[in-house]
Amino acid sequence: MNSKPILVSGIKPTGYLHIGNYFGAIRQQVALAKEKYRPFIFVADYHALNFVQDAEKMRTYIRELVMAYLASGLDPQEITLFKQSEVPAHTELCWIFDTITTMPYLQRAHAYKDAEAKNKEIGVGSFNYPLLMAADILLYDASVVPVGQDQKQHIEYARDAAEKFNRIYKEDLFKLPEAYIPEEVAIVPGTDGRKMSKSYKNTIPLFADREEITKCVMGIVTDSSSGHPENVYAIHKLVRSSDDLDALYKENVGNYKHLKELLIDDIDQYFAPLRKKYKEIKNNPHIVDTVLKEGRDKARAISEAKMERVRQIIGVA
Ligand code: ADP
Ligand code: TRP
């Protein structure tokens, strides 16, 4: 029996990955997975369905995400990597949480409030997003959930769902998870200085080739009022030590073009091993299928055992 504490995390397959996803989420997940945790990492495709309603795109983004995880160093032998949609316990437990949750409580979620502020009608799936996420996490008894800053509230929802279930049914069934959000990469800036996000079109794609990196970096918005290009530096420090950079930026004060060229080299070099692995996997697509199938079987067994307990506790079994 494996007694290591459990790590659970997932990412929605809603597009091609960028270096903000890597530094903000994937890198931590991979590092922690290698350390002291037993990791369950999944492709949150049912969450993504709120945003991607095109089968071809969905399939592509799912595979891209799995390839990104594998290329970033997740070892399929060491972890359970699976698709959320292939493990029915996630939606099932979500439904059970629905029955103990009130509408006003979900109306406090950031996503709901944002939609309301913009006078948009929120979909039922998006409204319920926090409870599906709570189910994702609680099914596996997660101790730690590495995510970006924007997900902090969702972890609170998961803790609340666990507490409420345990309280109503007077059982100590669900473990309260902790978010893991490293300060320095909580928000990776994009090429325009705002949070890097595919919705802002300010990203540097994770598997960009040299030409694409060059295009993105040359497009970084620089503020010419000081000799120090903040936006270039902020991205640069992700791929090179700040001691090195301070010297370089002093030597090249005001020479933005050269600093950007250095950044292109550094990004190119930093991600070269990942790109190589990504290409290998892309040329052997069965790797993705095998990993997902093995992950699915492991996740199904564990989550189904938990659901059996849940069904007994609520009295349907
Ligand atoms: P996007 O904003 O591009 O749509 P997602 O919302 O799909 O990205 O994010 C996937 C994961 O990557 C989440 O865990 C999120 O917190 C993290 N993430 C995304 N963008 C950033 C960023 N700029 N800085 C830090 N983490 C990020
Ligand atoms: N909501 C997360 C995101 O936008 C994805 C996600 C779904 C997740 N379920 C999760 C993350 C459970 C951690 C744990 O990226």
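Residues numbered from 1 in each chain as written. Chains lettered and ligands numbered in written order. Predicted model: local features only at pLDDT ≥ 70, side-chain atom pairs only at ≥ 80, totals over all residues. Heavy atoms only, no water.

**Some details on the side chain of Arg275**
So, point 1. For Arg275, the position within the fold is in helix H13 (residues 256-283).
So, point 2. At 3.4 Å, the side chain of Arg275 forms a polar contact with the backbone oxygen of Ala208.
So, point 3. When residues no more than four places from it in sequence are discounted, the contact partners of Arg275 are Phe207, Ala208, Ile213 and Asp268. (Helix = DSSP H or I, 4+ residues; strand = E, 2+ residues; numbered from the N terminus. Polar contact = N/O pair within 3.5 Å; in protein donor to acceptor, adjacent residues only side chain to side chain. Contact = heavy atoms within 4.5 Å.)

**Things to note about the site of ligand 2**
So, point 1. As a matter of local geometry, ligand 2 sits amid 13 residues, with Gly10, Lys12, Tyr129, Asp136 and Gln151 nearest to it.
So, point 2. In this structure, an oxygen atom belonging to ligand 2 sits 2.7 Å away from a side-chain N or O atom of Lys12.
So, point 3. In this structure, a nitrogen atom belonging to ligand 2 sits 2.8 Å away from a side-chain N or O atom of Gln151.
So, point 4. For the shell around ligand 2, the elements supplying multiple residues, two or more each, are strand E1 (6-11) and helix H8 (129-138). (Near = heavy atom within 4 Å.)

**Quick word on the domain arrangement of the protein chain**
So, point 1. The domain architecture assigned to the protein chain consists of domain 1 (6-187 + 285-314) and domain 2 (198-279).
So, point 2. In this structure, domain 1 and domain 2 have C-alpha centres spaced 31 Å apart.
So, point 3. Counting residues at the interface gives 16 residues for domain 1, matched by 14 residues for domain 2.
So, point 4. Taking both sides of the interface into account, the surface hidden between domain 1 and domain 2 amounts to around 1,400 Å²; carbon and sulfur atoms contribute 70%.
So, point 5. Linking domain 1 to domain 2 there are zero salt bridges.
So, point 6. Here domain 1 is connected to domain 2 by four residue pairs in polar contact (both at pLDDT 80 or more).
So, point 7. Sorting the residues of the side of domain 1 that touches domain 2 by element identifies helix H1 (19-34) and helix H3 (55-71) as the ones contributing at least two each.
So, point 8. Ranked by residue count, the leading element in the side of domain 1 that touches domain 2 is H3, at five residues.
So, point 9. For the side of domain 1 that touches domain 2, a count of residues per class yields nine nonpolar, five polar and two charged. (Domains from an automatic or database assignment. Buried area = accessible area lost by both parts, 1.4 Å probe. Salt bridge = Lys/Arg side-chain N within 4 Å of Asp/Glu carboxyl O. Nonpolar A, V, L, I, M, F, W, Y, C, P; charged D, E, K, R; others polar.)

**Side note on the packing of aromatic side chains**
Centre distance and the angle of the planes are the two values used to describe a pair of aromatic rings.
So, point 1. Under the counting rule described, the total for this entry stands at 17 aromatic pairs.
So, point 2. Ring geometry for Phe82 and Tyr140: centres 5.8 Å apart, planes at 50 degrees, overall tilted. Of this pair, Phe82 sits in strand E3 (residues 80-83) while Tyr140 sits in the loop between H8 and strand E4 (144-146), and the two are 58 residues apart along the sequence. For the pair Phe82 and Tyr140, a shared accessibility class is recorded, and that class is buried.
So, point 3. Between the aromatic rings of Tyr112 and Phe127, the centroid separation amounts to 5.4 Å while the plane-to-plane angle is 65 degrees, which identifies the pairing as edge-to-face. (Phe/Tyr/Trp six-rings, centres within 6.5 Å; stacked < 30°, edge-to-face > 60°. Buried < 20%, exposed > 50% of the residue type's maximum accessible area, 1.4 Å probe, protein only.)

**Looking at the site of ligand 1**
So, point 1. Taken together, 18 residues form the shell around ligand 1, and within it His18, Asp150, Val188, Met196 and Lys198 come nearest.
So, point 2. With respect to ligand 1, the side chain of Asp150 contributes an N or O atom lying 2.7 Å from an oxygen atom.
So, point 3. Interatomic distance of 2.9 Å between a side-chain N/O atom of Ser197 and an oxygen atom of ligand 1.
So, point 4. Within the complex, the protein chains bury 92% of what would otherwise be the 530 Å² of accessible surface of ligand 1.
So, point 5. Its residues assigned to classes, the shell around ligand 1 comprises seven nonpolar, seven polar and four charged. (Areas by Shrake-Rupley, 256 points an atom, 1.4 Å probe, with all protein chains shown as cover.)

**As for the pairing of strand E2 (residues 38-43)**
So, point 1. Judged by how many residues are buried, E2 sits mostly within the fold: five of six residues are covered.
So, point 2. By the bridge criterion, six bridges tie E1 to E2 in an arrangement that is parallel. Note on E2: the bridge partner recorded for Ile11 is Val43.
So, point 3. Sheet topology places E2 next to E3; four bridges connect them, and they run parallel. Pairing of Phe40 across the sheet is with Thr80, part of E3. (Pairing = 2+ DSSP bridges.)

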